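Single-letter residue listing:
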Amino acid sequence: MESAHRYPSDVAFTPAVKAIQARKGSRRAYGQMEERGSWNTRITPELADFIAMQTSFFLATANREGQPYIQHRGGPAGFLRVVDDKTIAFADFAGNRQYITAGNLAENPKAHLFLIDYAERRRVKIWGTARVVEDDASLTAKLMPEGYKARPEQAILFTVSAWDANCPQHIPQRFAAEEVVKLLAERDRRIEALEAENRKLRASNV
């Protein structure tokens, strides 16, 4: 149980994991990390800002037998909400109606969030528990992004146990199409301004 963990990172660093770390030579470094304070257990302002930027994330759950399942969730920036320093929530939009995540959480509340920013090459892993809230229309409406054309079916509340920010190694740098269009438009405006300035200078030298 999580209450028996000595360090927050023990949610991921089980005895089996630590044994392999020892065999592979990384246990000493992670042991020092644990002694310095291990991972964060609460949502910091920096993490809250990172969460608010996300337009997609991955949610991992597992059923009673331990079979894992990863689901991709997407929406406009801000659809993933920080409720308080231990809670993240989002409106669960109607989708393919398989309900694997909901079924898994009904028998195993342990869950994991994986957030990634391809443009800045940053990723955050969040361990915790989650639950589906089906009968709170007020909560679901509050979590629904304004003007977003999707049908909310329920809400999911995620309670944070621990989180860690990973290094950028092997993350490909990618940019959202709308961001590329914006940058190209800014470049074109700058070129147009420079060309206009150049024409004025040429005219003044005639």
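Figured I'd write up the structure that's included with this text.

Rules and cut-offs
- Residues numbered from 1 in each chain as written.
- Predicted model: local features only at pLDDT ≥ 70, side-chain atom pairs only at ≥ 80, totals over all residues.
- Heavy atoms only, no water.
- Helix = DSSP H or I, 4+ residues; strand = E, 2+ residues; numbered from the N terminus.
- Buried < 20%, exposed > 50% of the residue type's maximum accessible area, 1.4 Å probe, protein only.
- Contact = heavy atoms within 4.5 Å.
- Areas by Shrake-Rupley, 256 points an atom, 1.4 Å probe, with all protein chains shown as cover.
- Phe/Tyr/Trp six-rings, centres within 6.5 Å; stacked < 30°, edge-to-face > 60°.
- Core = buried A, V, L, I, M, F, W, Y, C linked by side-chain atoms within 4.5 Å.
- Salt bridge = Lys/Arg side-chain N within 4 Å of Asp/Glu carboxyl O.

**Topic: the overall build of the protein chain**
Within the protein chain, the regular secondary structure consists of six helices and seven strands. Listed by position from the N terminus, the elements making up the protein chain come as α-α-α-β-β-β-β-α-β-β-α-β-α. Each of the 206 residues in the protein chain was classed as buried or not, and the buried ones make up 33%. Sequence-distant contacts in the protein chain: of pairs separated by 6 or more residues, those separated by 24 or more amount to 69%. With the model as given, the accessible surface of the protein chain reaches about 13,300 Å², and the carbon-plus-sulfur share is 52%.

**Looking at unusual backbone geometry**
For arginine 97, which is not glycine, the phi dihedral falls at a positive 65 degrees. Here arginine 97 is to be found in the loop between β4 (87–93) and α4 (100–107). Arginine 97 sits in the exposed class, given a relative accessible area of 54%.

**Digging into the packing of aromatic side chains**
Here a ring pair, both rings aromatic, is described through the centre-centre distance and the interplanar angle of the planes. The final tally for this structure, using the stated rule, is seven aromatic pairs. Seen from their ring centres, phenylalanine 13 and tyrosine 30 are 5.1 Å apart, and the 65 degrees between their planes marks the pair as edge-to-face. Residue phenylalanine 13 is found in the segment before α1 (15–24), and its partner tyrosine 30 is found in helix α2 (residues 27–36); the two are separated by 17 residues along the sequence. The interplanar angle of 20 degrees and the centroid separation of 4.7 Å between the aromatic rings of tryptophan 39 and tryptophan 127 together place this pair among those described as stacked. Here the residue tryptophan 39 occupies a position in the loop between α2 and α3 (45–53), and tryptophan 127 occupies one in strand β6 (residues 122–133), the gap between them amounting to 88 residues. Judged on exposure class, the residue tryptophan 39 and its partner tryptophan 127 are both buried. A network of ring pairs unites the aromatic residues Phe57, Phe79, Phe90, Phe93 and Tyr148 as a single cluster.

**What to know about the nonpolar core**
One finds Phe57, Ile88, Leu115, Ile126 and Phe158 to be the most contacted residues of the largest nonpolar core, which totals 30 residues. Counting only elements with at least two residues in this core, the list comes to α3, β1 (56–62), β4, β5 (110–117), β6, α5 (137–143) and β7 (152–166). A total of six residues in this core trace back to one element, the largest contributor, which is β7. Non-local contacts of phenylalanine 158, meaning those with residues more than four positions away in its chain, are made with Lys86, Thr87, Ile88, Ala111, His112, Leu113, Ile126, Trp127, Gly128, Thr129 and Ala130.

**Some details on the pattern of salt bridges**
Using the criterion set out here, one finds eight salt bridges in the structure. One network of salt bridges, in which partners are shared, links Asp10, Lys18, Arg27 and Glu34.

**Things to note about the side chain of glutamine 154**
Tracing the backbone shows glutamine 154 in strand β7. Those residues within four positions of glutamine 154 in sequence are excluded, and the remaining contacts are Phe90, Ala91, Asp92, Ala102, Val132, Val133, Glu134 and Thr140.

Geometric descriptors of this kind do not, in isolation, establish any biological role.
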